[in-house]
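Geometric and topological summary
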Amino acid sequence: MESTLKELTNGESVLDIKDKCGVAGGVEDIYGEDRATEDQTITPWTFSVASGYSLLRDPHYNKGLAFTEAERDAHYLRGLLPPTVSSQQLQEKKVMHNLRQYQVPLQRYMAMMDLQERNERLFYKLLIDNVEELLPVVYTPTVGEACQKYGGIFRRPQGLFISLKEKGKILEVLKNWPEKSIQVIVVTDGERILGLGDLGCQGMGIPVGKLSLYTALGGVRPSVCLPITIDVGTNNQKLLDDEFYIGLKQKRATGQEYAELLEEFMSAVKQNYGEKVLIQFEDFANHNAFELLAKYRTTHLVFNDDIQGTASVVLAGLIASLKLLGGTLADHTFLFLGAGEAGTGIAELIALEITRKTSVPLEEARKKIWLVDSKGLIVSSRVESLQHFKKPWAHDHEPVKELIDAVKAIKPTVLIGTSGVGKTFTKEVVEAMASLNPKPLIMALSNPTSQAECTAEEAYTWSKGHAIFASGSPFDPVEFEGRTFVSGQANNAYVFPGFGLGIIMSGTIRVHDDMLLAASEALASEVTEDDYLKGRIYPPFTNIRKISAHIAAEVAAKAYELGLATRLPRPSDLVKYAESCMYTPLYRSYR
Ligand SMILES: NC(=O)C1=CN([C@@H]2O[C@H](COP(=O)(O)OP(=O)(O)OC[C@H]3O[C@@H](n4cnc5c(N)ncnc54)[C@H](OP(=O)(O)O)[C@@H]3O)[C@@H](O)[C@H]2O)C=CC1
Ligand SMILES: CC(=O)C(=O)O
Ligand SMILES: [Mg+2]
């Protein structure tokens, strides 16, 4: 069993292997060969030990110049490499040097993707050791540009593409993927890629990027991660007219046709990978995202990163900010620009946290939270025409059209941007926030940088250095009147890798909102005095693996408490257990 051997060389524990054994002591029929009846077809997989030229071209095992003399002899590599034997450290130094020569971020992105396809361990070593520098390359903001230009820069396919053409055959398509033991799937249909809109099939950059963070930030082994793009067409006319577009050239399927494809996909995933594969929905448009989550959260292990992951991260920042702002969450008034997945998801989790911490009922807790959408403040007179996810936020108030007027009327202490529209926190808005609050908390969450509601520099300058600021995409430190302000990155990347690790390591079968709250508390507790002194309400990403282990432990602890974890007995030290489960990218020796 090649995959089992591979997992063992990747450091999987005996516990993991035992977990795959059936009750009768047999090994799981992961290829479906035993289950298949005579009239059913199976995929004739063959595996052999990689050596020589093919070993150099296998990204899982290739080490380039780091193959030792003995390995070069044993694996028929003599002559296929120049004589020098290099260390992984030296390779890392060289690649970082080369990357830094590129001035254009997209060139760095492409160089990183090339590395991932050439030498997976070196790719992750780089990403882990240089996380602050490389996160903006493989993730927001550069991944946004990569998705926009995906057709043009596309070289080798990454992940699985499941289009309407595969309807009725999705199970077979899943079987084409070379890895059989999958634990996390990130799936998009490409309709709301960051704040860039419908990018159709080119959204693949997002699941690929998110899963590379699962590995680098959360320590989930790359072999168990599967990026998927579901292609039901695109309504982006520019892409439909583009001769290099790689997706289906048709308008998006909707209604029953869409629902049936998604249903087939969800069933096939469960059938092929079992109950415990985590399916992360990413960058679906809100008219599908809420429904998919509601429909599948009771039957599958699903998690919507934009609704739930974002909520958990933002709540963490809010909990942390109380040290600077004073009071409790219930003492604050929140105003959102944007009432979609991120906005209402965050709003709901804040309200839930308030109810958990006080005796205030949910309805009451919601009353301190206000949202503005493209039509203005969400108020009760609009309730009939509102989408279902906005209705709980339709409070009594006269209609207000503009954000600046909403700020003046609601007098929020916290302003959160989840609109996907850049430059909407104007000077007037930030000044109004600063006139209402000694320390206005302003979060510009929209990605990529071009869509940020305001920049860090604008927030600090317009508030005369009083704002506490965080953003979805990173900004450099800002100098203002002799002080240096370091803003935090309020991005779901802080939570989903550790959250997923916690689920996987505990064998959790459903995601529960209390697990999101546990992740928020865990992340908030990682903010140090030094961070607060610099004005940041999130820890730096440099410590993210330690933070992820901590989040994973708290999420798993909550899952055990709720009776949702199936890996028994419960490890006594969950942080240590999380750390022991994490993939490390150091090279392995080959016999
Ligand atoms: N930092 C992070 O971790 C995350 C950031 N995001 C970012 O948040 C943004 C929104 O994502 P998401 O919530 O999923 O998107 P949605 O499409 O679900 O929601 C967007 C919301 O913004 C409103 N809106 C659009 N234009 C305006 C405007 N000019 N003025 C006021 N409101 C406006 C829309 O109004 P209407 O309903 O009337 O159309 C809608 O309510 C994206 O840029 C995304 O990148 C998302 C997830 C995580
Ligand atoms: C960060 C993220 O998930 C988004 O912008 O959609
Ligand atoms: Mg997203």
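Residues numbered from 1 in each chain as written. Chains lettered and ligands numbered in written order. Predicted model: local features only at pLDDT ≥ 70, side-chain atom pairs only at ≥ 80, totals over all residues. Heavy atoms only, no water.

As annotated in an unreviewed UniProt entry, the protein chain carries the name Malic enzyme and comes from Solanum lycopersicum. Under the heading Function (unreviewed entry), UniProt records this for the protein chain: "The chloroplastic ME isoform decarboxylates malate shuttled from neighboring mesophyll cells. The CO(2) released is then refixed by ribulose-bisphosphate carboxylase. This pathway eliminates the photorespiratory loss of CO(2) that occurs in most plants." (UniProt positions renumbered as here; feature names shortened; annotations may be inferred.)

A separate point is the overall build of the protein chain. A count of helical and extended segments in the protein chain gives 26 helices and 14 strands. Taking 25 Å as the expected radius of gyration for a compact globule of 591 residues, we find that the protein chain reaches 24 Å, a close match to that expectation. Counting the 591 residues in the protein chain, one finds 59% classified as buried. Within the protein chain, residue pairs in contact and separated by at least 24 positions form 72% of the contacts whose partners lie at least 6 positions apart. About 24,700 Å² of surface is accessible on the protein chain, with carbon and sulfur atoms providing 54% of the total. Computed over 63 positive and 74 negative side-chain charges, the inter-centroid distance for the protein chain is 3 Å. (Helix = DSSP H or I, 4+ residues; strand = E, 2+ residues; numbered from the N terminus. Rg over C-alpha atoms; globule rule 2.2 N^0.38 Å. Buried < 20%, exposed > 50% of the residue type's maximum accessible area, 1.4 Å probe, protein only. Contact = heavy atoms within 4.5 Å. Areas by Shrake-Rupley, 256 points an atom, 1.4 Å probe, with all protein chains shown as cover. Lys, Arg positive; Asp, Glu negative; His and termini not counted. Charge placed at Lys NZ, Arg CZ, Asp CG, Glu CD.)

It is worth spelling out the packing of helix H6 (residues 105–118) against helix H7 (residues 120–129) at this point. Running from amino to carboxyl end, H6 crosses H7 at an angle of 135 degrees, the nearest separation of the two axes being 5 Å. Put simply, H6 runs oblique to H7. Packed against H6, whose contacting residues are Met 112, Met 113, Leu 115, Gln 116 and Arg 118, the element H7 presents Glu 120, Leu 122, Phe 123, Tyr 124 and Leu 126 at the interface. Residues of the contact of H6 with H7, tallied by class, amount to seven nonpolar, one polar and two charged. (Axes fitted to C-alpha atoms, helices over the stretch in contact; angles between N-to-C directions. Parallel < 35°, antiparallel > 145°, perpendicular 65-115°, else oblique. Nonpolar A, V, L, I, M, F, W, Y, C, P; charged D, E, K, R; others polar.)

Counting residues in hydrophobic clusters, the biggest one holds 120 residues, and the most contacted among them are Ile 350, Met 443 and Phe 499. Here this core gets 10 residues from one element, more than from any other, and that element is helix H25 (residues 544–561). Setting aside residues up to four positions removed in sequence, Phe 499 forms contacts with Phe 303, Val 511, Met 515, Leu 516, Ala 519, Ile 551 and Val 555. Residues Ile 228, Phe 284, Phe 290 and Ile 307 belong to the second largest nonpolar core, which totals 36 residues. (Core = buried A, V, L, I, M, F, W, Y, C linked by side-chain atoms within 4.5 Å.)

This part is about the packing of helix H17 (residues 341–357) against helix H23 (residues 513–524). It is at 11 Å that the axes of H17 and H23 come closest, and there the two elements cross at 85 degrees. For the element pair H17 / H23, the angle class is roughly perpendicular. Along the contact surface, H17 presents Leu 349, Leu 352, Glu 353, Arg 356 and Lys 357, while H23 presents Asp 513, Asp 514, Leu 516, Leu 517, Ser 520 and Glu 521. When grouped by side-chain class, the residues that make up the contact of H17 with H23 number four nonpolar, one polar and six charged.

The next point concerns the site of ligand 2. Near ligand 2 you find Tyr 139, Arg 192, Leu 194, Lys 210, Glu 282, Asp 283, Asp 305, Asp 306, Asn 447, Asn 491 and Asn 492, and these make up its full shell. Between ligand 2 and Lys 210, the relevant distance is 3.0 Å, taken from an oxygen atom to a side-chain nitrogen or oxygen of the residue. At 3.0 Å from an oxygen atom of ligand 2 is found a side-chain nitrogen or oxygen belonging to Asp 306. Its free accessible area being 220 Å², ligand 2 has 90% of it covered by the protein chains. In terms of residue class, the shell around ligand 2 is built from two nonpolar, three polar and six charged. (Near = heavy atom within 4 Å. Polar contact = N/O pair within 3.5 Å; in protein donor to acceptor, adjacent residues only side chain to side chain.)

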